[in-house]
Amino acid sequence: MRRQTLIAQVSDQLREEITSGRWVVGDRIPAEPTLCEMTGTARNTVREAVQALVHAGMLERRQGSGTYVISDDEHGGALAGYFAAARERDLLELREAVEVTATVLAARRRDDADIGELRAVLARRNELWSRSSEMKFACAEMISVDAALHRAIVAASHNDVYLQFYDLLLPTLRRSMQTHPVGICGSYEPEHTELVEAVVAGDPQRAEAAVRVFISTLRDSRG
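Naming follows an unreviewed UniProt entry, where the protein chain appears as GntR family transcriptional regulator of Mycobacterium haemophilum.

Structure, rendered in structure tokens:
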């Protein structure tokens, strides 16, 4: 009982780091030795406390990269957990609904900062995905930058609700990408490039067509 109580106390301490805003969504939390020093507890206790927040949907472990904040409240975490258990077909349909509208809004509302970010992330994404993904860390980086590109488009919609919802969906989308070819064999570079260029051009109709083509291509590739 004492051990379980200690784990709960450490979980509460780590949860406070998130809810207070000291660790924000997207941050990688400190490594275990730092957490041990911070909480004054042993590594096993810290590991179980972190795992409790993973189960709550507030943290996500990424192999070879670390543990990241994916939600700042457990209600959002529960929704992220629901996405994780959903069928891929259902998720793709949800993604289509969100990304089509967000992309159209992005084409209407993008500003100079958004354009700079989109071009930079697209260039990095296409550079990485032109390679093979033989090493795990390379695969993780490819997936991360691909997700960052789609998030940047949603961010350019300047709709905070869409972005918050998309952030809850992103961990599941990353896991889905891990189950499919990563690298030059699954790059879809022309589709991603057209998607960004349509948003940058400020052409909502072109942007909608581009995102629908991308989702359709993705759907066909996944059966």
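The rest of the description comes next.
Enquirer: Can you lay out the overall build of the protein chain for me, pointing to particular residues and giving the numbers?
Expert: Within the protein chain, the regular secondary structure consists of ten helices and two strands. For the protein chain, the N- to C-terminal ordering of α and β elements is α-α-α-β-β-α-α-α-α-α-α-α. For the protein chain, with 223 residues in total, the buried portion stands at 43%. Looking at the protein chain alone, contacts between residues at least 24 apart form 67% of all its contacts between residues at least 6 apart. When the accessible surface of the protein chain is totalled, it reaches about 11600 Å², and 52% of it is carbon and sulfur.

Enquirer: Can you tell me about the packing of aromatic side chains, naming the residues and giving the values?
Expert: Counted according to the given criterion, the structure contains zero aromatic pairs. It is R62 that lies over the ring of Y68; its NZ or CZ is 4.1 Å from the centre. The ring of W129 carries R125 above its face, with NZ or CZ at 4.5 Å from the centroid.

Enquirer: How would you sum up helix α2 (residues 32–39)? Please name residues and give values.
Expert: Looking only at α2, the buried set comprises E32, L35, C36 and T39. With its buried residues spanning 105° around the axis, α2 presents them on a single face. Following α2 by one or two positions, G40 has its phi on the positive side, about 70°.

Enquirer: Break down helix α10 (residues 204–221) for me, with residues and values.
Expert: Its 18 residues give α10 an end-to-end C-alpha distance of 26 Å, which sits within 8% of 26 Å, the value for a rise of 1.5 Å per residue. Looking only at α10, the buried set comprises A207, A210, V211, F214, I215 and L218. Taken down its axis, α10 places every buried residue within 125° of arc, on the same side. Turned more than 90 degrees from where α10 packs its buried face, Q205 and D220 sit exposed. The backbone nitrogen of Q205 lies 3.2 Å from a side-chain oxygen of the residue at the head of α10, namely D203.

Enquirer: Could you give an account of the layout of surface pockets, naming the residues involved and the relevant values?
Expert: Computed from the structure, the largest pocket encloses a volume of approximately 360 Å³. In this structure, the largest pocket is lined by 14 residues; those nearest its centre are R62, Q63, S65, A140 and Q178. Among the elements of the structure, β1 (59–62), α7 (136–155) and α8 (160–178) are those that each provide at least two residues to the lining of the largest pocket. If you tally residues by element for the lining of the largest pocket, the top one is α7, at five residues. Grouping the amino acids of the lining of the largest pocket by side-chain chemistry returns four nonpolar, four polar and six charged. Lining the lining of the largest pocket are residues from two domains, each supplying at least three of them: domain 1 (6–76) and domain 2 (87–221).

Enquirer: Residues and numbers for the pairing of strand β2 (residues 66–69), please.
Expert: Bridging between β1 and β2 involves four bridges; their strand directions are antiparallel. Paired with R62 across the bridge in β2 is G66.

Enquirer: Break down empty space enclosed by the protein for me, with residues and values.
Expert: Scanning the entire structure with this criterion turns up one cavity of 30 Å³ or more. Considering only enclosed or pocket space, the largest cavity measures out at about 80 Å³ in volume. Taken together, E88, L91, L92, R95, L173, S176 and R222 make up the lining of the largest cavity. Elements that contribute at least two residues to the lining of the largest cavity include exactly α5 (88–109) and α8.

Enquirer: Hey, could you go over the packing of α5 against α8 for me, with residue numbers and the actual values?
Expert: Direction vectors running N to C along α5 and α8 enclose 140°, while the axes themselves pass 11 Å from each other. What the angle tells us is that α5 and α8 run oblique. When you trace α5 past α8, the crossing you get is left-handed. Residues E88, L91, L94, R95, V98, E99, T101 and L105 of α5 lie in contact with α8, whose contacting residues are Y162, F165, Y166, L169, T172, L173 and S176. Looking at side-chain class alone, the contact of α5 with α8 contains nine nonpolar, three polar and three charged residues.

Calculation rules
Residues numbered from 1 in each chain as written. Predicted model: local features only at pLDDT ≥ 70, side-chain atom pairs only at ≥ 80, totals over all residues. Heavy atoms only, no water. Helix = DSSP H or I, 4+ residues; strand = E, 2+ residues; numbered from the N terminus. Buried < 20%, exposed > 50% of the residue type's maximum accessible area, 1.4 Å probe, protein only. Contact = heavy atoms within 4.5 Å. Areas by Shrake-Rupley, 256 points an atom, 1.4 Å probe, with all protein chains shown as cover. Phe/Tyr/Trp six-rings, centres within 6.5 Å; stacked < 30°, edge-to-face > 60°. Lys NZ or Arg CZ within 6 Å of the ring centre and 35° of its normal. Arc of directions from axis to C-beta. Expected span 1.5 Å × (residues − 1). Polar contact = N/O pair within 3.5 Å; in protein donor to acceptor, adjacent residues only side chain to side chain. 1 Å grid on protein atoms, 1.4 Å probe; cavity = no way out; pocket = protein on both sides within 12 Å on 5 of 7 lines; lining within 4 Å. Points joined across faces, edges and corners; volume = space filled by probe spheres on them. Nonpolar A, V, L, I, M, F, W, Y, C, P; charged D, E, K, R; others polar. Domains from an automatic or database assignment. Pairing = 2+ DSSP bridges. Axes fitted to C-alpha atoms, helices over the stretch in contact; angles between N-to-C directions. Parallel < 35°, antiparallel > 145°, perpendicular 65-115°, else oblique. Left-handed = near helix turned anticlockwise from the far one by under 90°.

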